[in-house]
Amino acid sequence: MAENPKIRTPIVCVMGHVDHGKTSLLDRIRGSSVVSSEAGAITQHIGATIVPIEAIRTMSGSMGKVPINIPGLLFIDTPGHHAFTTLRARGGALADMAILVVDINQGFQPQTIEALQILRNCKTPFVIAATKIDRIHGWRVNENESFISSFNKQNERVKGDVENKTYEIVGKLSELDFSADRFDRVADFQRNLAIVPLSAHTGEGIPDLLLIMIGLAQRYMSDELKLLVEGPGAGTVLEVKEERGLGTTLDVILYDGTLAVGDEIAVATQVDVVVTKVRSLLKPRPMQEILTEDRFERVKSVAAAAGIKVTAPNLEGVIAGSPFFVIRGNRDEVTEKIKREMTEIHVNLAEE
Ligand code: GDP
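Residues numbered from 1 in each chain as written. Predicted model: local features only at pLDDT ≥ 70, side-chain atom pairs only at ≥ 80, totals over all residues. Heavy atoms only, no water.

Even after reading the chapter, I still don't get the sheet that holds strand S2 (residues 43-44), so can you show me in this structure?
One open sheet accounts for eight strands, arranged S2-S3-S4-S1-S7-S8-S10-S9; its pairing is mixed. The outermost strands of the open sheet, each flanked by one partner alone, are S2 and strand S9 (180-182). Sheet topology note: the strand S1 (residues 11-16)/strand S7 (residues 97-103) ladder contains five bridges and is parallel. Opposite Val12, over in S7, you have Met97 as the bridge partner. Contacts from helix H2 (residues 53-60) reach strand S3 (48-52) and strand S4 (72-76), with the element oriented near 60 degrees to S3. Its contacts with the sheet place helix H4 (residues 110-122) against S1, S7 and strand S8 (126-131), and it is angled at close to 160 degrees to S7. (Pairing = 2+ DSSP bridges. Helix = DSSP H or I, 4+ residues; strand = E, 2+ residues; numbered from the N terminus. Contact = heavy atoms within 4.5 Å. Axes fitted to C-alpha atoms, helices over the stretch in contact; angles between N-to-C directions.)

In structure tokens form, the structure reads like this:
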């Protein structure tokens, strides 16, 4: 996260119908950045993975010339609507953006429509990943190439097939009042949804997808969702875990601000709000260091967005899904805010 620590990493969630390829797409995105340069190597966080901008530039080659000022993208490791709707922030969705995966050969399915409704209600910017293009009969694979470059090498029949299948998706979206087009034909990404044909198995189209996500983040977030990391940390508790030698720990996604060892934090238990002091902040070690004894690397502070394990006294009884805030002289205000958010969460759960 070298250049500009003040800029927040946007959080991305992958959604879509079961078996349409959400997990494969996430795996491919994470896998492809492993081969990129050291500086751009991915970092595994708690519950999330950061794909840094250098890795995205390397993958996208000459396409990656657009001026970019965000540090990368943080992908939530658990795909699906459940993660999207239960991981909450500021009363809305934790994810700033989403990728809606649609199997290009199967088209829309019930959970595709559900996901669209959720994204619309939350006003979350998203793109459609029309995946499994390698399954189109006669498709000739050009590993990791951009969609357009690979598409141009296909024969006319295959091209026609891709066009027809893409238009079926455009048509379905239009029935649901979304104006969409293949990404290379979209002039205004704020008005039109971009459809990126791709394959998680061959990597084709993935550079395009990542660049479009970056473009969306820059356009939407710079004015609407605030892209700067400012002030005390705010996050969501993903999991509460007992770890040998560490006691009860919290796996947290920090979506805003900064969090440091020694910070006073507040989180919810079933019945109350706990205020405690951060003892340590732990990140998973990079793959190549997995053989060292300690599975975690200790860091002094983190900036949003990040997935981090927090150790502190008195975490027993904290509940997953709780809001998480750093206190900076505003203890009563923070405690009240947590109580309010927990009530909202309970009301929402009761309504579901
Ligand atoms: P999820 O349920 O949405 O997470 O779907 P998965 O990622 O588990 O994928 C479901 C099946 O589709 C698996 O057998 C994958 O190997 C396969 N699959 C996913 N993406 C692709 C793709 O791009 N091309 C091909 N040929 N198969 C894919």
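Help me out: how do you make sense of the pattern of salt bridges in this one?
Two side chains that carry opposite charge are able to pair once their charged atoms sit near each other. Applying the stated rule across the entire model yields 17 salt bridges. Arg30 serves as the salt-bridge partner of Asp77, at 2.6 Å between the closest nitrogen and oxygen. Of this pair, Asp77 sits in the loop between S4 and helix H3 (81-86) while Arg30 sits in helix H1 (residues 22-34); the two residues are 47 residues apart in sequence, bridging distant segments of the chain. Among the charged side chains, a network of salt bridges with common partners joins Glu163, Arg182, Asp184 and Arg185. (Salt bridge = Lys/Arg side-chain N within 4 Å of Asp/Glu carboxyl O.)

Hey, could you run me through H4 in this one?
Given 3.6 residues per turn, any residue in an α-helix points the same way as the ones three and four places further on. Taking 1.5 Å per residue as the helical rise, H4 with its 13 residues ought to reach 18 Å, and the 19 Å between its terminal C-alpha atoms agrees with that figure. Turning to H4, its buried residues number three or more, namely Thr112, Ala115, Leu116, Ile118 and Leu119. The buried residues of H4 occupy an angular sector of 165 degrees when the element is viewed end-on, so they sit on one face. Along H4, the residues that are exposed and aim more than 90 degrees away from the buried face are Pro110 and Asn121. Check the buried side of H4 and you find it contacts S1, H3, S7, S8 and helix H6 (156-175). At the exit of H4 stands Lys123, carrying a positive phi of roughly 55 degrees. (Expected span 1.5 Å × (residues − 1). Buried < 20%, exposed > 50% of the residue type's maximum accessible area, 1.4 Å probe, protein only. Arc of directions from axis to C-beta.)

Please clarify how the side chain of Thr236 should be interpreted in this entry.
Following the sequence through the fold, Thr236 ends up in strand S11 (residues 234-243). The buried category is assigned to Thr236, whose relative accessible area is 1%. Not counting residues up to four positions away in its chain, the partners in contact with Thr236 are Leu87, Arg88, Leu94, Asp251, Val252, Ile253, Tyr255, Gly321, Ser322 and Phe324.

What is the right way to read the packing of aromatic side chains from this model?
Centre distance and the angle of the planes are the two values used to describe a pair of aromatic rings. Scanning all chains against the criterion turns up three aromatic pairs. Ring geometry for Phe126 versus Phe178: centroids 5.9 Å apart, planes at 85 degrees, classification edge-to-face. Of this pair, Phe126 sits in strand S8 while Phe178 sits in the loop between H6 and S9, placing them 52 residues apart in sequence. Put simply, the rings of Phe147, Phe151 and Phe183 pair up and form one aromatic cluster. When the ring centre of Phe151 is taken as origin, the NZ or CZ atom of Arg182, which lies over that ring, is 4.7 Å away. (Phe/Tyr/Trp six-rings, centres within 6.5 Å; stacked < 30°, edge-to-face > 60°. Lys NZ or Arg CZ within 6 Å of the ring centre and 35° of its normal.)

Looking at this model, I keep getting lost on the pairing of strand S20 (residues 323-327). Mind explaining?
Each regular strand carries side chains that alternate between the two faces of the sheet. Within S20, five of the five residues are buried, which leaves it mostly tucked inside the rest of the structure. Of the two faces of S20, the one carrying Pro323, Phe325 and Ile327 and the one carrying Phe324 and Val326 are both buried. By the bridge criterion, three bridges tie S11 to S20 in an arrangement that is antiparallel. Across the sheet, Gly235 pairs through a bridge with Phe324, a residue of S20. As paired elements, strand S14 (residues 264-268) and S20 share four bridges and run antiparallel to each other. Along S20, the bridge assignment pairs Ile265 with Val326.

Looking at this structure, I do not really get H2. What am I missing?
Listed as buried for H2 are Ile53, Ala55, Ile56, Met59 and Ser60. Down the axis, H2 shows its buried residues gathered within 160 degrees of arc, on one side only. Two residues or fewer after H2 comes Gly61, characterised by a positive phi angle close to 55 degrees.

Would you mind showing me how to read the site of the ligand here?
Of all residues adjacent to the ligand, which total 15 residues, the nearest are Asp19, Thr23, Ser24, Asp134 and Ala200. At 2.8 Å, a backbone N or O of Asp19 approaches an oxygen atom of the ligand. Between the ligand and Lys22, the relevant distance is 2.8 Å, taken from an oxygen atom to a main-chain nitrogen or oxygen of the residue. Burial of the ligand by the surrounding chains reaches 77%, relative to a free accessible area of 580 Å². In terms of residue count, the dominant contributor to the shell around the ligand is H1 (three residues). Of the residues assigned to the shell around the ligand, the class counts are two nonpolar, eight polar and five charged. (Near = heavy atom within 4 Å. Polar contact = N/O pair within 3.5 Å; in protein donor to acceptor, adjacent residues only side chain to side chain. Areas by Shrake-Rupley, 256 points an atom, 1.4 Å probe, with all protein chains shown as cover. Nonpolar A, V, L, I, M, F, W, Y, C, P; charged D, E, K, R; others polar.)

Looking at this structure, I do not really get the pairing of S4. What am I missing?
With five of five residues buried, S4 is to be regarded as a mostly interior element. Neither face of S4 is open: one carries Gly72, Leu74 and Ile76, the other Leu73 and Phe75, and all of them are buried. With two bridges connecting them, S1 and S4 associate as parallel partners. Within S4, the position partnered with Val12 by the bridge is Phe75.

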